[in-house]
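# Chain and residue survey
What follows is the residue order along each chain.
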Amino acid sequence: MAGTSKSLRRWGWTHKWSSIICTVFMLMLCITGLPLIFHHEIDHLLHDEVQAAPVAEGTPLASLDLVVKNSLTKDPGMVPHFLIWDPDDANAMMISIGKTLEASPVDNRIVRVSAHTAQYLDAPDVTGRFTYIMLKLHTDMYAGLPGKLFLGLMGILFCVAIISGIVVYAPSMRKLKFGTYRRDRLRVVRWLDIHNLSGIVLVMWMLVVGFTGVINTWAELVIKVWQFGQLAEMTAQYKDKPLPAHPSSIDAAVQVAIKAEPNMKPAFVAFPGTIFSSKSHYAVFMKGNTPLTAKLLKPALIDAETGVLTDSRDLPWYVSTLLISQPLHFGDYGGMPLKIIWAILDIITIVVLITGLYLWLRRRQAGVSVERVVVDAAASDHRPAYTS
Amino acid sequence: MKPAPRPRRQTNGQIFAIPALLGVLSIIGLVSALVGDGVWDGVSWVTLAIPILLCEYFFLRRS
């Protein structure tokens, strides 16, 4: 019994400290994450968007070369990085353009162009938008990669707090039925019950959303590993070649990729010299047709001078893991009902965080440590400290 | 009035039976909408709504 109580004391200590360190940041993440679940709807509500003129079904698509060319009409000095098929609007294409090929794509501007007429639609400055500010706070607190990795560390502590929370849940529930809520007791007892019950029913969702969030903070590193690993391998014979002097047609490159993967459709094209390609290739990233395979991309590398397919491979497991962890974090893969469920679960998580914080402050005030309460409740047959 | 009988100490198995079931249901819900649309989304909505309904039931019921 002494061994058990010592180990419980350790788990209690772990739960306390992992929680204390991450709680403020987790509160910030839960609060900024809440509007991000609905960022499409919020943007739509707050900002006007130039819509592509509706076309009759079967209208042929404009040449992608023209689409890309037209995207630069208002920013002639800039260079296209990526050509993206708008997942929400089949009538529009998005072109991500940067100041130079070396510029970080994070600072790129998104130009929207009609997919059928190649007409320039708009290139709104999103950096002042409410959703953009929430996104920056949520992903890196305006502190770049270090900010991301720091929040990732907080996410790991959150996962540690959840797992140690499961362990300390047992002793505090020894004599209580599942779902106990002692509504007539002191606030500290009520809030302990709220913390325990909402924590344990959300445990798997919080773990999954927390950990996939951590994985997302490693996105830049994962992409770097892929760049210097698989991508470098696939383009080894082109290593020392300069950018193509007379680039071949983008439209033709995409057709070649579709022919090579007839059961997939293009998600985006990375142009030569950008982070997702070599200096000599159009990398056409193909996606599958089911919700799951639509997240898993397969790059087809097309020589940007000859227009020939040189290689096409499935992405390595670590990139696939990143791609799968994104929807699991965002909750954007099951329609509006799933988004609403995601939002409510997020709010209940805030409740778990606040009740946990309160319990810690309250117990400190009372001069009783968390470990102590846990151990008392487990080991003694007397009334636990917090039933009065 | 008789005092309520002292509740029996529960084993870990008893304590974690329902939470384990809820955990499995959450996993099913999280994966389901990834796998397909339509019915798969529906499974996801139902299973992930269970924790919310449980919170509502236990915290808001009048007894």
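Our structure's up above, just so we're on the same page.
Let me begin by describing the structure that accompanies this report. From a predicted model like this one, the values you see are computed outputs, not experimental measurements.

### Observations concerning the packing of aromatic side chains
Given two aromatic rings, one states the distance between the centres and the angle between the planes to describe the pair. A complete count under the given rule lists 16 aromatic pairs over all chains for this structure. Ring geometry for tyrosine 169 of chain A and phenylalanine 16 of chain B: centres 5.8 Å apart, planes at 45°, overall tilted. Placement of the pair is tyrosine 169 of chain A in helix H5 (residues 144-172) and phenylalanine 16 of chain B in helix H1 (residues 12-35), with the two residues belonging to separate chains. According to the relative accessible area criterion, tyrosine 169 of chain A is buried, its value standing at 3%.

### Considering the interface of chain A and chain B
Across the contact, 40 residues belong to chain A and 35 residues belong to chain B. Interface area, chain A with chain B, both sides summed: about 3,300 Å², of which 70% is carbon and sulfur. Ranking the residues of chain A by area buried against chain B places Arg174, Phe178 and Arg183 of chain A at the top, with a combined share of 21%. At the boundary of chain A with chain B, the tally comes to zero salt bridges. Counting residues per element, the ones that place at least two in the side of chain A that touches chain B are H5, helix H6 (187-201), helix H7 (203-217), helix H10 (317-330) and helix H11 (335-366) of chain A. Counting residues per element, the side of chain A that touches chain B draws most heavily on H11 of chain A, which supplies seven residues.

### Some points on the pattern of salt bridges
All names here are of chain A. In the structure shown here, the tally under the stated rule is nine salt bridges over all chains. Glutamate 220 is paired through a salt bridge with lysine 148; the nearest N and O atoms lie 2.5 Å apart. Of this pair, glutamate 220 sits in helix H8 (residues 219-234) while lysine 148 is found in helix H5, placing the two residues 72 residues apart along the sequence. Residue classification places glutamate 220 among the partly exposed residues on the basis of a relative accessible area of 32%. Relative accessible area serves as the criterion here: at 17%, lysine 148 is assigned to the buried category. Salt bridges linked by common partners bring Glu233, Asp311 and Arg313 together as one network.

### Some remarks on the pairing of strand S6 (residues 281-287) of chain A
Residue and element names in this part refer to chain A. Of all seven residues that make up S6, seven are buried, and the element is covered over most of its length. Side chains His281, Ala283, Phe285 and Lys287 project from S6 onto one buried face, and the interleaved Tyr282, Val284 and Met286 project onto a second face that is buried too. As judged from the five bridges shared by strand S5 (residues 265-270) and S6, these two strands associate in the antiparallel manner. The residue of S6 that forms the bridge with proline 266 is methionine 286. Pairing between S6 and strand S7 (residues 297-303): seven bridges, direction antiparallel. When the sheet's bridge partners are listed, histidine 281 is paired in S7 with aspartate 303.

### With respect to the nonpolar core
Phe178, Val201, Trp205, Tyr333 and Trp342 of chain A together with Leu30 of chain B are the most contacted members of the largest nonpolar core, which totals 48 residues. Sorting the residues of this core by element identifies helix H1 (2-37), H5, H6, H7 and H11 of chain A together with H1 and helix H2 (39-60) of chain B as the ones contributing at least two each. For this core, the element with the most residues is H11 of chain A, which contributes eight residues. Val113, Ala115, Ala257 and Met264 of chain A belong to the second-largest nonpolar core, a separate cluster that totals 28 residues.

### Here's the deal with H10 of chain A
All names here are of chain A. An ideal rise of 1.5 Å per residue puts 20 Å on 14 residues; H10 measures up with 20 Å between its terminal C-alpha atoms. Within H10, burial applies to Val319, Ser320, Leu322, Leu323, Ser325, Pro327, Leu328 and His329. Positive phi appears at glycine 331, one or two residues downstream of H10, with a value of about 70°.

### Some points on the side chain of glutamine 10 of chain B
Relative to the assigned elements, glutamine 10 of chain B resides in the segment before H1. Polar contacts involving the side chain of glutamine 10 of chain B include one to the main-chain carbonyl oxygen of methionine 173 of chain A, which spans 3.1 Å. Setting aside residues up to four positions removed in sequence, glutamine 10 of chain B forms contacts with Met173, Arg174, Leu176 and Lys177 of chain A together with Ile15 of chain B.

### Focus on the side chain of serine 114 of chain A
Residue and element names in this part refer to chain A. Examined against the element boundaries, serine 114 turns out to sit in strand S3 (residues 109-114). We classify serine 114 as buried; its relative accessible area is 3%. Ignoring any residue separated from it by four or fewer positions in sequence, one finds serine 114 in contact with Ala52, Val67, Asn91, Gln119 and Leu121.

### A few points about a nonpolar patch on the surface
Residues and elements named next belong to chain B. Residues Val24, Ile27, Ile28, Val31, Val35, Val39, Trp40 and Val43 make up a contiguous nonpolar surface patch of roughly 670 Å² in combined accessible area. Elements with a contribution of two residues or more to the nonpolar patch: H1 and H2. Per-element tally for the nonpolar patch: the top contributor is H1, with five residues. Mapped onto the elements, valine 24 comes out in helix H1.

Rules of the game
- Residues numbered from 1 in each chain as written.
- Chains lettered and ligands numbered in written order.
- Predicted model: local features only at pLDDT ≥ 70, side-chain atom pairs only at ≥ 80, totals over all residues.
- Heavy atoms only, no water.
- Phe/Tyr/Trp six-rings, centres within 6.5 Å; stacked < 30°, edge-to-face > 60°.
- Helix = DSSP H or I, 4+ residues; strand = E, 2+ residues; numbered from the N terminus.
- Buried < 20%, exposed > 50% of the residue type's maximum accessible area, 1.4 Å probe, protein only.
- Contact = heavy atoms within 4.5 Å.
- Buried area = accessible area lost by both parts, 1.4 Å probe.
- Salt bridge = Lys/Arg side-chain N within 4 Å of Asp/Glu carboxyl O.
- Pairing = 2+ DSSP bridges.
- Core = buried A, V, L, I, M, F, W, Y, C linked by side-chain atoms within 4.5 Å.
- Expected span 1.5 Å × (residues − 1).
- Polar contact = N/O pair within 3.5 Å; in protein donor to acceptor, adjacent residues only side chain to side chain.
- Patch = residues over 30% accessible without salt bridge, like charges linked within 9 Å, V, L, I, M, F, W, Y side chains within 5 Å.
- Areas by Shrake-Rupley, 256 points an atom, 1.4 Å probe, with all protein chains shown as cover.

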